[in-house]
Amino acid sequence: MRPARALIDLAALRHNYRLARRRHGSRALAVVKANAYGHGAVRCARALAGEADGFAVAFLEEALELRAAGIVGPILLLEGVFEAAELDEAAAHGLWLVVHHEAQLRMLETTPLAAPIDVWLKLNTGMNRAGFLPDAVEAAWRRLRACGKVGEIALMTHFARADEPQVIATAEQIARFDAATARLPGARSLANSAAILGWPQARRDWARPGILLYGASPLADADGGLQPVMTLESAVMAVREIAPGEALGYGGRFVAERPIRVGLVALGYADGYPRTLPDGTPVSIDGAPARLIGRVSMDMLTVDLSALPGAGIGSRVELWGKEVAVNRVAQAAGTIAYELLCNVKRVRFEYCG
Ligand SMILES: *Cc1c(COP(=O)(O)O)cnc(C)c1O
């Protein structure tokens, strides 16, 4: 059997959820959109079901997958619905709905519903992607109240730059949110992972932790006690020596300057390990630090075993996880941990904890 696998530590997931909830000091929706950032939405939601106050996904189909798997708690649709036909199904399954745009509000007003639905009214406080502008939010709130199909109305916004603690933008977004909603009742929700960790002023009734549940800090400096949830690993399947001057792999990107012992590893970009990663990207081999050399191929990659005489066929290679922080690999790839985690595929998923 091919040794490539993603090991998912569900005890670490629960630890991180508890940490988010404790930091924020009130209820938290565990964000499990995009297949729980690549970790497996059903397995992760089941692991959290005993303690999570609820879940958040991007859209209806993601929520229905959780309901079909027996998840009974609140589930918020972060993008709301795309067409009126989804509304009745969302209401029938007791889902909570973000309403962030005039067209969604209109759908709700004009579509008959068998049961009332709880809505999270979203404000655009500066990200300019989704949400009602501050001066339009009271009117939107009154229309929701008046349409007779809405139960609770919560108020939310989303931060563009909460991962930059020194930047004023988040404080400005908070001030705009507070000013625009001062006369409205209802629960409030501002904080994503970065705000939970870095912006105590953003704490309200509900947090929405995503990436931190999976153990990757969105802040540059600290891991803040988070535990990595996914370990992406495989094993060395062949070993060869190359002489000085010889090139390795596609494009001959890596050229040996001295004799190099090359380990061939069963994992590639078709498994979600980015092809853009440069020579020198950290890996861990049998627990020891080592480096990627040569271009990542579809099914394989190559590592430098020269400093690890004990390593050979069968040696365990960690691409990211408890030994190699996924943030370090993301940085080397010029992206963020979110994208790497979401893109893992084809490998075997195994769950523990
Ligand atoms: C994805 C998402 C989150 C979670 O963000 P993280 O940075 O992963 O914590 C929170 N709120 C909204 C609206 C989202 O779309």
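Residues numbered from 1 in each chain as written. Predicted model: local features only at pLDDT ≥ 70, side-chain atom pairs only at ≥ 80, totals over all residues. Heavy atoms only, no water.

Description of the side chain of S234
Alright, step 1. By secondary structure assignment, the location of S234 is in strand β10 (residues 230-242).
Alright, step 2. At a separation of 3.5 Å, a polar atom in the side chain of S234 contacts the main-chain amide nitrogen of A4. (Helix = DSSP H or I, 4+ residues; strand = E, 2+ residues; numbered from the N terminus. Polar contact = N/O pair within 3.5 Å; in protein donor to acceptor, adjacent residues only side chain to side chain.)

Considerations on the UniProt feature "modified residue: N6-(pyridoxal phosphate)lysine" (unreviewed entry) in the protein
Alright, step 1. Using the residue numbers shown here, the UniProt feature "modified residue: N6-(pyridoxal phosphate)lysine" (unreviewed entry) corresponds to K33.
Alright, step 2. On the secondary structure map, K33 appears in helix α2 (residues 33-38).
Alright, step 3. Not counting residues within four places of it along the chain, the set of residues in contact with K33 comprises A56, V57, A58, E62 and L78. (UniProt positions renumbered as here; feature names shortened; annotations may be inferred. Contact = heavy atoms within 4.5 Å.)

Some remarks on the packing of aromatic side chains
Alright, step 1. For the structure shown, the criterion picks out six aromatic pairs.
Alright, step 2. Pairing Y37 with Y214 gives two aromatic rings, centres 4.8 Å apart and planes at 25°, and the pair type is stacked. Placement of Y37 in helix α2 and of Y214 in the loop between β9 (206-207) and β10 is noted, with a sequence separation of 177 residues between them.
Alright, step 3. Positioned over the ring face of Y351 is R43, at 4.3 Å from the centre of the ring.
Alright, step 4. In this structure, R145 packs its charged tip against the face of W141, placed 6.0 Å from the ring centre. (Phe/Tyr/Trp six-rings, centres within 6.5 Å; stacked < 30°, edge-to-face > 60°. Lys NZ or Arg CZ within 6 Å of the ring centre and 35° of its normal.)

Remarks on the site of the ligand
Alright, step 1. Near the ligand lie 13 residues; those nearest to it are K33, Y37, S193, I211 and Y338.
Alright, step 2. I211 places a main-chain nitrogen or oxygen 2.8 Å from an oxygen atom of the ligand.
Alright, step 3. In the model, an oxygen atom of the ligand is placed 2.6 Å from a nitrogen or oxygen of the Y338 side chain.
Alright, step 4. For the ligand, whose free accessible area comes to 380 Å², the fraction covered by protein is 92%.
Alright, step 5. Its residues placed into classes, the shell around the ligand shows seven nonpolar, four polar and two charged. (Near = heavy atom within 4 Å. Areas by Shrake-Rupley, 256 points an atom, 1.4 Å probe, with all protein chains shown as cover. Nonpolar A, V, L, I, M, F, W, Y, C, P; charged D, E, K, R; others polar.)

A closer look at unusual backbone geometry
Most peptide bonds are trans, and most residues other than glycine sit at a negative phi.
Alright, step 1. With phi around 55°, A36 is a residue other than glycine that occupies positive phi space.
Alright, step 2. Along the chain, A36 falls in helix α2.
Alright, step 3. You will see that N128, though not glycine, has its phi angle at about 60°, which is positive.
Alright, step 4. Among the structural elements, N128 can be located in the loop between β6 (117-123) and α7 (137-146).
Alright, step 5. Take N128: its relative accessible area is 59%, and that puts it in the exposed class. (Buried < 20%, exposed > 50% of the residue type's maximum accessible area, 1.4 Å probe, protein only.)

Describing the state of the cysteines
Alright, step 1. This model, assessed by the stated rule, comprises zero disulfides.
Alright, step 2. Cysteine C44 shares no disulfide, and the gap to the nearest cysteine sulfur, in C352, comes to 11 Å. (Disulfide = S-S within 2.5 Å.)

A closer look at the nonpolar core
Alright, step 1. One finds Y273 and W320 to be the most contacted residues of the largest nonpolar core, which totals 118 residues.
Alright, step 2. Each of domain 1 (10-214) and domain 2 (230-351) accounts for three or more of the residues forming this core.
Alright, step 3. In contact with W320, not counting residues within four places along its chain, are M230, T231, L232, G272, Y273, V326, V329, L340, L341 and V344.
Alright, step 4. With seven residues, the next largest nonpolar core counts L248, F254, I260 and I293 among its residues. (Core = buried A, V, L, I, M, F, W, Y, C linked by side-chain atoms within 4.5 Å. Domains from an automatic or database assignment.)

Regarding the environment of A41
Alright, step 1. Residue position: A41 is located in helix α3 (residues 41-48).
Alright, step 2. C-alpha of A41 to C-alpha of A63: the two residues are 22 residues apart in sequence and 9.7 Å apart in space.
Alright, step 3. In this structure A41 touches V32, N35, A36 and L66, once residues within four positions along its chain are discounted.

A closer look at the side chain of E138
Alright, step 1. Looking at the element boundaries, E138 is found in helix α7.
Alright, step 2. Of the residues examined, E138 reaches a relative accessible area of 19% and is grouped as buried.
Alright, step 3. Residues in contact with E138, not counting those within four places in the same chain, are A180, R183 and L184.

Let's talk about the environment of F159
Alright, step 1. Inspection of the secondary structure assignment puts F159 in the loop between β7 (150-157) and α8 (169-181).
Alright, step 2. Along the chain, F159 and A58 lie 101 residues apart, while their C-alpha atoms are 16 Å from each other.
Alright, step 3. Apart from the residues within four sequence positions on either side, F159 is in contact with M127, T170, Q173, I174, L190, A191, N192, A195 and A202.

Observations concerning the domain arrangement of the protein
Alright, step 1. Looking at the protein, the domain boundaries give domain 1 (10-214) and domain 2 (230-351).
Alright, step 2. Averaged C-alpha coordinates put domain 1 and domain 2 at centres separated by 37 Å.
Alright, step 3. Facing the ten residues of domain 1 at the interface are eight residues of domain 2.
Alright, step 4. Both sides together, the interface formed by domain 1 and domain 2 hides about 830 Å², and carbon and sulfur atoms give 70% of it.
Alright, step 5. Together, Y37, H39 and I211 form the three largest contributors to the area buried by domain 1 at its contact with domain 2, with a combined 54%.
Alright, step 6. The tally of links between domain 1 and domain 2 comes to zero salt bridges.
Alright, step 7. Linking domain 1 to domain 2 there are one residue pair in polar contact (both at pLDDT 80 or more).
Alright, step 8. When residues of the side of domain 1 that touches domain 2 are traced back to their parent elements, those giving at least two are α1 (10-24) and α2.
Alright, step 9. Among the elements that make up the side of domain 1 that touches domain 2, the one with the highest residue count is α2 (three residues).
Alright, step 10. Here the side of domain 1 that touches domain 2 is composed, by residue class, of six nonpolar, three polar and one charged. (Buried area = accessible area lost by both parts, 1.4 Å probe. Salt bridge = Lys/Arg side-chain N within 4 Å of Asp/Glu carboxyl O.)

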